[in-house]
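If you want the building blocks of each chain, they are given just below.
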Amino acid sequence: MSGDAAGLPPTDRVLAALDAAGVSYEVIRIDPAHADTAAFCATYGYPPERSCNTIVVASKKDPKVFCACVVLATTQLDVNRRVRGLLGVSKASFASAAEMQTLTGMELGAVTAFALPPGLPLYVDRRVMDLDWVILGGGGRDAKVRLAPSALERFGARIIDDLAVERPPAGLPDHSS
């Protein structure tokens, strides 16, 4: 994060990072109570197929290794196979809320791929890049951003095939683990 943006609230830091990168985007101001993806989509009428989740993953053993991953809300991040291999660790899982907040300075349920700490690997599922626009978190629970997924590449994203797996249809058991 740039020195100028360091003291800003999370949403302002994210918007400053997007501005500094020259990215075209739309800010969607929302009620923080509806920031979680399913609630956001239902309340504001955006399709889940266009909504992305940014997930911070951590190795289980010390020294901790972290990365951020962006996947479509209709998919499930493949932590146990794909992300573990990318990190080069024997075991990985979602970072705890405290780890995520300490690492990113962002609010739980609002983590985004923008304004991440320097050096934090950013992996994006290729399916995200196939769309002309997507919705990502705004850093704080008060906003989302709509933009072209190509913007992720300006932030050092590495595009990964099969970073996520399709979610099973509702009502069917999930045997992907």
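Values in this document were obtained by computation on a predicted structure and should not be read as measured data.

J.: Would you mind going over empty space enclosed by the protein in detail, with residue names and values included?
T.: In this approach the atoms are scanned with a rolling probe the size of a water molecule, which exposes any empty space left behind. A full pass over the atoms with the stated rule returns one cavity of 30 Å³ or more. Counted as a void, the largest cavity has a volume near 40 Å³. Sorting the residues of the lining of the largest cavity by element identifies α2 (37-44), β2 (52-59) and β7 (134-137) as the ones contributing at least two each. The leading source of residues in the lining of the largest cavity is β7, at three residues. The residue makeup of the lining of the largest cavity, split by class, is four nonpolar, four polar and one charged.

J.: Outline the packing of aromatic side chains, listing residues and values.
T.: In total, this model carries four aromatic pairs according to the counting rule given. A centroid spacing of 5.5 Å and a plane angle of 35° characterise the contact between Phe 40 and Tyr 44, whose relative ring orientation is tilted. Of the two residues, Phe 40 and Tyr 44 are both situated in helix α2; the distance of four residues between them amounts to about one turn of the helix. The interplanar angle of 70° and the centroid separation of 4.8 Å between the aromatic rings of Phe 114 and Phe 155 together place this pair among those described as edge-to-face. Of this pair, Phe 114 sits in the loop between α4 (97-104) and β6 (122-125) while Phe 155 is found in the loop between β8 (143-147) and β9 (158-160), placing the two residues 41 residues apart along the sequence. With relative accessibility at 0%, the residue Phe 114 sits in the buried group. The ring centre of Phe 40 lies 5.2 Å from the NZ or CZ of Lys 144, which sits over that ring.

J.: Describe the pairing of β6, and please don't skip the residues or the numbers.
T.: Of the two faces of β6, the one holding Leu 122 and Val 124 and the one holding Tyr 123 and Asp 125 are both buried throughout. Note: β6 against β9, three bridges, orientation parallel. Following the sheet pairing, Val 124 is matched in β9 by Ile 159.

J.: Describe the nonpolar core, and please don't skip the residues or the numbers.
T.: If you look at the biggest cluster of nonpolar residues, it comprises 32 residues, and the most contacted ones within it are Leu 136 and Leu 147. Only α1 (10-20), β2, β3 (66-72), β6, β7 and β8 provide two or more residues apiece to this core. Non-local contacts of Leu 136, meaning those with residues more than four positions away in its chain, are made with Cys 52, Thr 54, Val 70, Thr 112, Ala 113, Phe 114, Lys 144, Val 145, Leu 147 and Leu 152. Core analysis: the second largest hydrophobic core is formed by 16 residues, Cys 67, Leu 86, Ala 92 and Leu 163 among them.

J.: I'd like a rundown of the sheet that holds strand β1 (residues 25-29), residues and numbers included.
T.: Sheets are built from strands paired through backbone hydrogen bonds, the pairs being either parallel or antiparallel. Across the sheet, three strands lie side by side as β1-β8-β7; this open sheet has antiparallel pairing. Across the chains shown, the open sheet's two edge strands, defined by having one partner strand only, are β1 and β7. Going across the sheet, the axis of each strand differs from the next one's by a mean of 30°, ignoring polarity. Pairing analysis gives five bridges linking β1 to β8, with the strands arranged antiparallel. Looking across to β8, one finds that Ile 28 is bridged to Lys 144. Along the sheet face, α1 touches β1 and β8 and points at about 165° away from the line of β1.

J.: How would you explain unusual backbone geometry if you had to name every residue and give the values?
T.: For the peptide bond that leads from Asp 62 to Pro 63, omega is -5°, which places it in the cis range. Within the fold, Pro 63 resides in the loop between β2 and β3. Even without being glycine, Ala 115 reaches a positive phi, approximately 70°. Along the chain, the position of Ala 115 falls in the loop between α4 and β6. Look at Ala 115 and you get buried, because its relative accessible area is 9%. Its identity as a non-glycine residue notwithstanding, Asp 162 has a phi of 55°, on the positive side. The class for Asp 162 is exposed, based on a relative accessible area of 52%.

Rules behind the numbers
Residues numbered from 1 in each chain as written. Predicted model: local features only at pLDDT ≥ 70, side-chain atom pairs only at ≥ 80, totals over all residues. Heavy atoms only, no water. 1 Å grid on protein atoms, 1.4 Å probe; cavity = no way out; pocket = protein on both sides within 12 Å on 5 of 7 lines; lining within 4 Å. Points joined across faces, edges and corners; volume = space filled by probe spheres on them. Helix = DSSP H or I, 4+ residues; strand = E, 2+ residues; numbered from the N terminus. Nonpolar A, V, L, I, M, F, W, Y, C, P; charged D, E, K, R; others polar. Phe/Tyr/Trp six-rings, centres within 6.5 Å; stacked < 30°, edge-to-face > 60°. Buried < 20%, exposed > 50% of the residue type's maximum accessible area, 1.4 Å probe, protein only. Lys NZ or Arg CZ within 6 Å of the ring centre and 35° of its normal. Pairing = 2+ DSSP bridges. Core = buried A, V, L, I, M, F, W, Y, C linked by side-chain atoms within 4.5 Å. Contact = heavy atoms within 4.5 Å. Axes fitted to C-alpha atoms, helices over the stretch in contact; angles between N-to-C directions.

Nothing here speaks to function; it is geometry throughout.
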